[in-house]
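Report on the structure
One letter stands for each residue in the lines below.
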Amino acid sequence: MHPMINVAVRAAREAGKIINRASLDLDLLRISQKSANDFVTEVDRASEQAIIDILLKAFPHHGILAEETGTTHGRQGAEYQWIIDPLDGTTNFIHGMPVYAVSIALAHQGVVQHGVVYDPSRDELFTASRGGGAFLDNRRLRVSRRTQIEDALIGTGFPFRKDDDIDTYLEMFKKVSQRCVGLRRPGAAAIDLAYVAAGRYDGFFERGLKPWDMAAGSLLVSEAGGLVGNFTGESDFLDTGELVAGSPRIYAQLVSILKPYSAFNPGQA
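Let me begin by describing the structure that accompanies this report.

Cut-off values and rules
- Residues numbered from 1 in each chain as written.
- Predicted model: local features only at pLDDT ≥ 70, side-chain atom pairs only at ≥ 80, totals over all residues.
- Heavy atoms only, no water.
- Helix = DSSP H or I, 4+ residues; strand = E, 2+ residues; numbered from the N terminus.
- Expected span 1.5 Å × (residues − 1).
- Buried < 20%, exposed > 50% of the residue type's maximum accessible area, 1.4 Å probe, protein only.
- Polar contact = N/O pair within 3.5 Å; in protein donor to acceptor, adjacent residues only side chain to side chain.
- Core = buried A, V, L, I, M, F, W, Y, C linked by side-chain atoms within 4.5 Å.
- Contact = heavy atoms within 4.5 Å.
- Axes fitted to C-alpha atoms, helices over the stretch in contact; angles between N-to-C directions.
- Parallel < 35°, antiparallel > 145°, perpendicular 65-115°, else oblique.
- Left-handed = near helix turned anticlockwise from the far one by under 90°.
- Nonpolar A, V, L, I, M, F, W, Y, C, P; charged D, E, K, R; others polar.
- Pairing = 2+ DSSP bridges.

1. Remarks on helix 2 (residues 42-58)
Counted at 1.5 Å a residue, the expected span for helix 2 with its 17 residues is 24 Å, and the 25 Å between its end C-alpha atoms agrees. Every buried residue belonging to helix 2 is among Val-43, Asp-44, Ser-47, Glu-48, Ala-50, Ile-51, Ile-52, Ile-54 and Leu-55, and all of these are buried. The backbone nitrogen of Val-43 lies 3.1 Å from a side-chain oxygen of the residue at the head of helix 2, namely Thr-41.

Spelled out as structure tokens, the structure:
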């Protein structure tokens, strides 16, 4: 394993310990609201701090982009930047619903090179390095072999913030759900993407995502032989927040359904 991944794994496991300890006593949890339906807990903050401490101790010259603290830590404008979601699925966590993960990625000049997604409640560790494949613990991952969307299980995330466009989403939901065998919405994009890489889902789509939701998971998918892009099939999803992922044939079928709903394809909508 690449030394940079080793440090990221250590950071993810440390964060996982903090999350698991807190999950045993949710009643004591202090929660604050970032905006309507968008929560941050002291656990998100403690997890993020633990990750940043470990990463910067090993790589003091690297930059940091983290969900709760943004770019206040690390070196501004560094070639290497860690992209961190300390607890993806905070709402699930608050409710004791065990679908959440730690997501850590390392980008070099804007291109993701390494990714770790750690699910502390199942103790599942997903890792990938560019050109080196994707793994669950030590087992090599491959995306699903299914080729028809009619046989596919598709993951998604739907809007939860007050100003999100729920109507467009419901149209997409309807179009996809009429074609596929089942649609799932567990509520943590990092896990959804890891599951695409592991072949547990055949595809996934969501809009309104942030870089820290997608950075590690998108590398897992591509290193497991899948495709990742925005709703029009372009590769700039980290900037646009629109994401489709899947095994190659399912990905293509999802893009053809979702293209009209892309915010970056105004002529089609």
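Once you've had a look at it, read on.
2. Quick word on the nonpolar core
Grouped together as the largest cluster of nonpolar side chains are 38 residues, with contacts concentrated most on Val-117, Phe-126, Leu-220 and Leu-243. Elements with a minimum of two residues in this core: strand 5 (101-108), strand 6 (111-119), strand 7 (124-129), strand 8 (133-136), helix 5 (189-197), helix 6 (211-223) and strand 14 (243-246). Here this core takes eight residues from helix 5, the largest share from any one element. Non-local contacts of Phe-126, meaning those with residues more than four positions away in its chain, are made with Gly-115, Val-116, Val-117, Phe-135, Leu-136, Leu-141, Ala-194, Tyr-195, Ala-198, Arg-200 and Leu-220. Val-43, Ile-64, Trp-82 and Tyr-118 belong to the second largest nonpolar core, which has 33 residues in total.

3. Thoughts on the side chain of Ser-262
By secondary structure assignment, the location of Ser-262 is in the segment after helix 8 (248-258). Here Ser-262 falls in the buried class, since its relative accessible area comes to 3%. Looking at Ser-262, its side chain comes within polar contact range of the side chain of Glu-242, at 3.0 Å. If we ignore the near neighbours within four places in the chain, the residues touching Ser-262 are Phe-231, Thr-232 and Glu-242.

4. Quick look at the packing of helix 1 (residues 3-23) against helix 2
Interhelical geometry of helix 1 versus helix 2 gives an angle of 160 degrees and a closest axis separation of 9 Å. When the axes of helix 1 and helix 2 are compared, the pair comes out roughly antiparallel. Considering the relative orientation of helix 1 and helix 2, their crossing is right-handed. Within the contact between the two elements, helix 1 uses Val-7, Ala-8, Arg-10, Ala-11, Glu-14, Ala-15, Ile-18, Ile-19 and Ala-22 and helix 2 uses Val-43, Ala-46, Ser-47, Ala-50, Ile-51, Ile-54, Leu-55 and Ala-58. Here the residues of the contact of helix 1 with helix 2 are counted per class, giving 14 nonpolar, one polar and two charged.

5. Structural notes on helix 8
Every buried residue belonging to helix 8 is among Ile-250, Tyr-251, Gln-253, Leu-254, Val-255, Ile-257 and Leu-258, and all of these are buried. Tucked inside the fold, the buried residues of helix 8 contact strand 10 (153-156), helix 4 (166-179), strand 12 (203-206), strand 13 (227-229) and strand 14.

6. Description of the environment of Leu-183
Among the secondary structure elements, Leu-183 is positioned in strand 11 (residues 182-184). With 125 residues separating them along the chain, Leu-183 and Ala-58 place their C-alpha atoms 41 Å apart.

7. Structural notes on the environment of Ala-50
Here Ala-50 is to be found in helix 2. When sequence neighbours within four positions are dropped, the list of residues in contact with Ala-50 reads Glu-14 and Ile-18.

8. Here we look at the sheet that holds strand 4 (residues 80-88)
The strand order 3-4-5-6-7-8-9 describes an open sheet built from seven strands, whose pairing is mixed. One side of each edge strand has no neighbouring strand; the edge strands of this open sheet are strand 3 (63-66) and strand 9 (139-140). Of the pairings in the sheet, the one linking strand 4 to strand 5 comprises seven bridges and is antiparallel in character. Bridged to Asp-85 within strand 5 is Ser-103.

9. Here's the deal with unusual backbone geometry
Phi at Asp-123 takes a positive value of approximately 50 degrees, unusual for a residue other than glycine. With respect to the helices and strands, the residue Asp-123 is situated in the loop between strand 6 and strand 7. Even without a glycine there, the phi angle at Asp-137 is positive, about 55 degrees. For Asp-137, a relative accessible area of 35% translates into the label partly exposed.

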